[in-house]
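# Overview (structure and organization)
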Amino acid sequence: MPIWLQAGLWGTFAGGALVIGAALAWNLRIPRLVVASVMAFGSGVLISALAFDLVDEAESTGGLTPTVIGFLGGAVVYVLANVALARRGARHRKRSEDQQPSEADQQGSGAAIAVGALLDGIPESIVLGLSLLGGKGVGVPVLVAIFISNLPEGLSSAAGMKRSGRSATYVFGVWGGIALASGIAGLLGCLLLQDAGSASIAAITAVAAGAILAMIADTMIPEAFERTHIYTGLIATIGFMVSFAIERAG
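A brief structural summary.

So, how was this worked out
Residues numbered from 1 in each chain as written. Predicted model: local features only at pLDDT ≥ 70, side-chain atom pairs only at ≥ 80, totals over all residues. Heavy atoms only, no water. Helix = DSSP H or I, 4+ residues; strand = E, 2+ residues; numbered from the N terminus. Expected span 1.5 Å × (residues − 1). Bend = angle between axes of the 7 residues up to and from the residue. Buried < 20%, exposed > 50% of the residue type's maximum accessible area, 1.4 Å probe, protein only. Phe/Tyr/Trp six-rings, centres within 6.5 Å; stacked < 30°, edge-to-face > 60°. Salt bridge = Lys/Arg side-chain N within 4 Å of Asp/Glu carboxyl O. Contact = heavy atoms within 4.5 Å.

## Here's the deal with helix α3 (residues 64-90)
Two residues of an α-helix separated by three or four positions point the same way, owing to the 3.6 residues in each turn. For α3, built from 27 residues, the straight-helix expectation of 39 Å at 1.5 Å per residue is missed by more than 12%, its first-to-last C-alpha distance being only 34 Å. Maximal helix bending in α3 amounts to about 25°, located at Ala84. Listing the buried residues of α3 in full gives Thr67, Gly70, Gly74, Tyr78, Asn82, Leu85, Gly89 and Ala90.

Okay, structure coming up:
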């Protein structure tokens, strides 16, 4: 199977966790403390993957300068896009309570939430695609980190969408579309960059990593802290060490 097709399938698989989370939220009453705890755990898992599998790998293959520039650039681009979407109603897109506006509250908020969710998922999928370029298969720690973090993202956000009056068609259309877009992003990331130099791949990996870290701090941790409060740090630390152990065991 071509590597670019593998990248597309893995990206779709990781994005599919969003749909699973949304389905759980739509059909079950899962305690919000549980959702927030899994969100905190997923934040720690992602941070560990960033530190040991993305930024470290980018620096070792492409050098410090492209890594620093790419990492900061990715964070800046994400924050600017997030600010623009927040003004259109997507600020609380991962919240499970009553913070998300309905379409009646803010016209166009549904589209903004959908675009915001897409913004959160694309960098992760690109990273998955790039992880295949070394010829050693998909980066398992990164894949596990993205899947684990996507599950509570889909669960929490879908719960908030339901509470704000969004329809099942909208909710599952958003997450199904993002799962598909995640696969396409992984495929393109691998296909378009398979002949790129190490410095270019390092810089793009760092850009995605910076965007992911900004996303964690801006959207995942606030939702987790709202329910887990002072235990957020402990739960995130556990997630970090689980991911670190998977990375070292692999």
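Picking up where we left off.
## Some thoughts on the packing of aromatic side chains
Each aromatic ring pair is summarised here by two numbers: the centre-to-centre distance and the angle between the ring planes. In this structure the tally under the stated criterion is 5 aromatic pairs. Ring geometry for Trp10 and Phe13: centres 5.9 Å apart, planes at 85°, overall edge-to-face. Of this pair, Trp10 and Phe13 are both found in helix α1 (residues 3-27), 3 residues apart, which corresponds to roughly one turn of the helix. Classification of Trp10 by relative accessible area gives partly exposed; the value is 31%. On the numbers, 5.8 Å between centres and 65° between planes, the contact of Phe52 with Phe240 is edge-to-face. Placement of the pair is Phe52 in helix α2 (residues 32-62) and Phe240 in helix α8 (residues 232-249), with a sequence separation of 188 residues.

## Quick notes on the pattern of salt bridges
According to the stated counting rule, one finds 1 salt bridge in the structure shown. One salt bridge in this structure joins Arg248 and Glu247, with 2.3 Å as the shortest N-O distance.

## Considering α8
The end-to-end C-alpha distance of α8, which contains 18 residues, comes to 26 Å, matching closely the 26 Å that a straight helix rising 1.5 Å per residue would cover. The elements touched by buried residues of α8 are α2, α5 (140-163) and α7 (198-228).

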